Amino acid sequence: MRFLYVFVLAALFIACENVGQNNTTGDVINVTPPDTLAYIVETIRKDEPNCIPSDENPCAYFEAKYVKVTDGDAEYTIESINEQLIELLRGKEYTNVVAYANGFIEEYLTEKRDLENTMPWATTYEQNVLRNDSTVFVVATNFYSYTGGAHGYYATIYENYDRLSGKLIELQDLFEPGFENRLNEVGEQYFRRSQKLAVNRPLDELFSFENNTFELPDNFALTEEGIQFIFNPYEIASYAQGQ
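This section reports on the structure supplied with the text.

Rules and cut-offs
- Residues numbered from 1 in each chain as written.
- Predicted model: local features only at pLDDT ≥ 70, side-chain atom pairs only at ≥ 80, totals over all residues.
- Heavy atoms only, no water.
- Helix = DSSP H or I, 4+ residues; strand = E, 2+ residues; numbered from the N terminus.
- Contact = heavy atoms within 4.5 Å.
- Pairing = 2+ DSSP bridges.
- Buried < 20%, exposed > 50% of the residue type's maximum accessible area, 1.4 Å probe, protein only.
- Phe/Tyr/Trp six-rings, centres within 6.5 Å; stacked < 30°, edge-to-face > 60°.
- Lys NZ or Arg CZ within 6 Å of the ring centre and 35° of its normal.

1. Examining the environment of S80
Mapped onto the elements, S80 comes out in helix 1 (residues 75–90). When the C-alpha atoms of S80 and S165 are compared, they prove to be 8.1 Å apart, with 85 residues separating the residues in sequence. What S80 contacts, discounting residues up to four positions off in sequence, is S165 and G166.

Now the structure itself:
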């Protein structure tokens, strides 16, 4: 797993203190301590009809486990965070997750009718809260999808929300202008160390960076230890090399 923890020089960093059968179930995750958001994880699942799953006979399905903030801040902040979280799951063609789940199964059934030996499709989303305090609310969305072929595809998407506004935090919100070069320099040091890659070894021997120049992804999580970056499959290497 290619996780990079980058601890940036204090001179570059701006303090974040003000950064800011369908079925549905909801499980209470936490009681609200001071300065945190209360939330539940809701589940939406749609299974292939008239199919009893077994090891010999897998069935197609869609499942989404997503975070829903319920209390702990101004109403507009809660609405903003929830809208952005659900937007990751519903797909571009659908207005809600239930419609997405139904459309996914219907598309699979159409292909199954038209093509012999169609392998069962699967799509899953799972959201987990990584950090929940007075400054930020950080969520990881783990995604997997298989719609035929040699293997499926998976990815992790991080989203960091400003607790005051519900706004999605971007890197430019955290650093002084012109931070990019220095941040990438520090990031490359950690990346080479994590991959046991010598300082003088060209990146393109193992990875695919544009112009053979290291660049951190925009996909990051604000953890209590620092900033965690992740490269998903195919972004800089083959699927076999993973995240």
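The structure having been displayed, the exposition proceeds.
2. Topic: the pairing of strand 4 (residues 61–71)
Where strand 3 (residues 38–47) lies against strand 4, 10 bridges are found, and the strand directions are antiparallel. In the strand pairing of strand 4, I40 is matched with K68. Bridge count for strand 4 against strand 5 (residues 122–132) is 5 bridges, and the pairing is parallel. Bridge assignment links E63 to a residue of strand 5, and that residue is T124.

3. Remarks on the environment of G149
Mapped onto the secondary structure, G149 falls in the loop between strand 6 (136–146) and strand 7 (153–162). On the basis of relative accessibility, which here comes to 55%, the residue G149 falls in the exposed class. Linking G149 and T118, residues 31 residues apart in sequence, is a C-alpha distance of 9.8 Å.

4. Some points on the packing of aromatic side chains
This structure, assessed with the given rule, holds 20 aromatic pairs. An angle of 65 degrees between the planes, with centres 6.0 Å apart, marks the rings of Y39 and F137 as edge-to-face. In this pair, Y39 is assigned in strand 3 and F137 in strand 6, connecting sequence segments 98 residues apart. The burial state of Y39 is the same as that of F137; both residues are buried. With centroids separated by 5.7 Å and ring planes inclined at 50 degrees, the aromatic side chains of F104 and W121 adopt a geometry described as tilted. With F104 in helix 2 (residues 97–114) and W121 in the loop between helix 2 and strand 5, this residue pair connects regions lying 17 residues apart in the sequence. Summarising the burial analysis for this pair, F104 and W121 share the class buried. Ring pairs connect the aromatic residues F62, Y94, Y100, F104, Y108, W121, Y125, F143, Y153 and Y234, which therefore count as one cluster. Positioned over the ring face of Y190 is R193, at 5.0 Å from the centre of the ring.

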